[in-house]
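Fold and contact review
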Amino acid sequence: MTSREIRQAFLDYFKSKGHQIVPSAPVVVKNDPTLMFTNAGMNQFKDLFLGEAAIKYPRVADTQRCLRVSGKHNDLEEVGIDTYHHTLFEMLGNWSFGDYFKKEAIAWAWELLTEVFKLDKDRLYVTIFEGDAAEGLERDMEAYDFWKELIAEDRILLGNKKDNFWEMGDMGPCGPCSEIHYDMRPDSERAVVAGQQLVNADDPQVIEIWNLVFMQFNRLKDGSLVQLPAKHVDTGMGFERLVRCIQGKSSNYDTDVFQPLIQFIAEKSGIVYGADEKTDIAMRVLSDHIRAVSFAIADGQLPSNNKAGYVIRRILRRAVRYAYTFLNFKTPFIHELVPVLAQQFKGVFDELYQQQDFVEKVVLEEEVSFLRTLTAGIQRFENYIETNSNIDGNFAFELFDTFGFPIDLTELLAREKGLSVDMDGFQKALTAQKERSRAATAIDTGDWVLVNEDQESEFVGYDQLTSQTEILKYRKVSAKGKEQYQLVLAETPFYAEGGGQVGDTGYLRSLESNEKVAIVDTKKENGLFIHYMDQLPTSLEGGFEAVVNVAKRKDTEANHSATHLMHAALKQVLGEHVNQKGSLVSPDVLRFDFSHFFKLSYEEIKQIEDIVNAKIRENILLKEERNVPYQKAIESGVTALFGEKYGDHVRVITFDDAYSKELCGGTHVKGTGEIGFFKIMSESAVAAGVRRIEAITGTKAAQVIREYFELMGNFKELLNNPKDFVSALSKVIDENHSLKKEIENYIKEKSQGLMNDLKSKLEQIDGVNYLATVVELPHADAVKTLAYTLKGAVDNLFLVLGADFDGKPSLTVMISDGLAKEKGYHAGNIVRELAKEIQGGGGGQPFFATAGGKDAKGLEKAIAKAREFVK
């Protein structure tokens, strides 16, 4: 079977068992503060496991693209070196939300593997949870009994809590799991050592392929476990490993999942795959990493220097480094893999195929940039070893942190020079950085405290800005030394941050005591609207009125609707290739990132503004459609954004069917006239192929226009209100340039005459041409120029010049280079001492330094004191 056939067979099997087949969520996570990337198939269903969303389909199956390169699941440095670790991988999964449990999950897994995929039963082993006395957890005999009906009991192995008790995190749903392992070894090896001995022993040929998780507990903050009200099944099978088993390969990279990429790399590099382990590893790294990078970019995460963007940049740079070092690609190459990958996943994950050109150009730009950095880093390494016999750990960390050098590259460069790297020092610096990072992002989240049970939270903010409500639950959260509270309301008009739009603020008023408590932000977590407060209401019981800050909401809505109008205008002016790549909608500004490879001209910006403002003046009424079937919305020509996870039913926002029609969950004006006025304030580059526009509307636009006219009025008054303001200003500028030149010429003439005078005052002290005096010049630059001129004209010069610029004393020390070395003079140290006489301070280089002060009366004392340094 081909990998494509295997994937389809899995989905078809579970469809036949009554499962709804759902699409993969984007690999980039947007509405979960605990995750940067989707790292498991269950991520998109967390709200269902937590009971925070209604269960639409009790049985679900899919193939989910996942990324594991940070945090607990950090496999990056293993990727390419072994046969089964990957950055991006597909996870085939089937789920039951309160429907079937262990019996069906086990029976179907066995049937699929042995009857559909025809895997050798004699090579299969399973594990069950052995129990944990400290947790009060018994052995999972229920799973054992189901398994023994299908497989010999000596193939049912016990696993400890680490291997066979799955947890979402430190808190949350969890439960025992049952793993399925496959022994890929040849019969000769199996005859010597039984497979049972190698399960979970890190043998590369005895591998876990499927994990069946039985969620039946919830882990509280204090570590205790409570039973979930409904039991769930969460399974995850590594697609790449499954394909390897079915195709009978000894490595995931030998399957048709990776071979198209590897053979393309081999052909382009002129190196045969399988000829040398070092080049084989490099080809595996490239074939793996391009998958992670490409899908992350397609899902909306561009390489950058922070958070998720930094992770993607690091993966790509690791690939570039391997290509450069082991495959001799000294010019950009990795971007050429994007079309191969896009074709491979066409019809599976079409996001990449549809954005192939964009992804390819972003990767190319990153390659070009890093190859420059790589060259600079290697040069820095070469300069370092000229004066150092070994590589200090801090220097190795600097190469890693600043230049993106993996430590193994530094070790490789060092070995080639017969040097060693202080790895203890490197690890110490790396650990310190990680601890700083953890401390900066550490969040201590308490358990939810229920106030009113058996109610669901409902958002009503599309239709109203106040509502009568109750508090359902709350929890305390501490971050960066600040404590806050998070509340969930039964009914809320507060929009939660999402789709680029900021969260609402406002207040919660007790209907009984009239106490008002501010709501400072609103965010969404696993589908739940979370209200942030710096303090809790005195009493949590009873009714409350939730009130949104109307002015902020209205200004935000104006910017959000203007964003839609601008998006359509961009497509109209620049072309249909324009797609949203990021957005911020706040009360004060709208920021919009979009795919385009050229700087916008003045005419293009003017066109876009004119189109948007024309639509505003038309006062087009909002057409809002809720709960529209997704496929119906797409067929109607709606604009959907890459990297967004849409449900089966969506909300459609339309301003004129023929102009702007988008899927959107944000809030909007009722008619475009409410936007008032639209003005682009800036246009710039964000990343390769991505431009950014910042614009203002409504209240902010009125404020800026008012400030602009006030500023222009002040300018005109200064110029005596000329009829032609531009001509008058140009005349003033020209006169200013002319006067500056006259002044500069005057200062040069005066400095020349002053220099001749000063040369005549030089005094010989022990072979030193010494001079300390106060000069009259208009500014510090003139004094500096004079000092350097004297240095060029006089050998062995020791010069101290004092000056008074309108009551602000200044000292300048200039010493000939040879004199500074020979006698150990240091101008910076000298001027620092002299500056004490003028109540000031300063410093500089051994041959030149300056200082400023407060007491001009001390200049003469400073000049007199200078002689002490040449005695």
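Residues numbered from 1 in each chain as written. Predicted model: local features only at pLDDT ≥ 70, side-chain atom pairs only at ≥ 80, totals over all residues. Heavy atoms only, no water.

If you trace the four strands from one edge of the open sheet to the other, you get 15-23-19-20, paired in antiparallel fashion. Bordering the open sheet on either side are strand 15 (466–469) and strand 20 (516–519), each of which pairs with just one other strand. Adjacent strand axes in the sheet meet at a mean angle of 20° when their direction is disregarded. Of the pairings in the sheet, the one linking strand 19 (residues 506–510) to strand 23 (residues 544–548) comprises five bridges and is antiparallel in character. (Pairing = 2+ DSSP bridges. Helix = DSSP H or I, 4+ residues; strand = E, 2+ residues; numbered from the N terminus. Axes fitted to C-alpha atoms, helices over the stretch in contact; angles between N-to-C directions.)

As a further point, take helix 1 (residues 3–16). Residues separated by three or four positions in an α-helix point in the same direction, a consequence of the helix having 3.6 residues per turn. For helix 1, built from 14 residues, the straight-helix expectation of 20 Å at 1.5 Å per residue is met to within 8% by its first-to-last C-alpha distance of 20 Å. Every buried residue of helix 1 is accounted for by Ser3, Ile6, Arg7, Ala9, Phe10, Leu11, Tyr13 and Phe14. (Expected span 1.5 Å × (residues − 1). Buried < 20%, exposed > 50% of the residue type's maximum accessible area, 1.4 Å probe, protein only.)

Attention now moves to the sheet that holds strand 27 (residues 649–655). Spatial strand order, 26-27-28: three strands in an open sheet with antiparallel pairing. Single-partner strands in this sheet number two, and they are strand 26 (623–629) and strand 28 (660–663). Taking each pair of neighbouring strands and ignoring which way they run, the sheet shows an average axis angle of 20°. Strand direction decides the pairing type here: strand 26 and strand 27, joined by five bridges, are antiparallel. The residue bridging Glu625 from the neighbouring strand is Val652, located in strand 27. Across the sheet, helix 17 (residues 550–574) is in contact with strand 27 and strand 28; its angle to strand 28 comes to roughly 115°. (Contact = heavy atoms within 4.5 Å.)

Here the focus is the packing of aromatic side chains. Taken as a whole and judged by the stated rule, the model has 32 aromatic pairs. An angle of 55° between the planes, with centres 4.8 Å apart, marks the rings of Phe45 and Trp95 as tilted. Pair noted here: Phe45 is in the loop between strand 1 (20–21) and helix 2 (46–49) and Trp95 is in strand 5 (residues 88–97), with a separation of 50 residues, a long-range link. Each member of the pair, Phe45 as well as Trp95, is classed as buried. Ring plane angle 15° and centroid distance 6.2 Å describe the contact between Phe264 and Phe333, whose orientation is recorded as stacked. Of this pair, Phe264 sits in helix 8 (residues 259–269) while Phe333 sits in the loop between helix 10 (307–326) and helix 11 (337–344), and the two are 69 residues apart along the sequence. One aromatic cluster in this structure is built from Phe10, Tyr13, Phe14 and Trp210. Directly above the aromatic system of Tyr322 lies the positively charged group of Arg321, at a separation of 4.1 Å from the ring centroid. (Phe/Tyr/Trp six-rings, centres within 6.5 Å; stacked < 30°, edge-to-face > 60°. Lys NZ or Arg CZ within 6 Å of the ring centre and 35° of its normal.)

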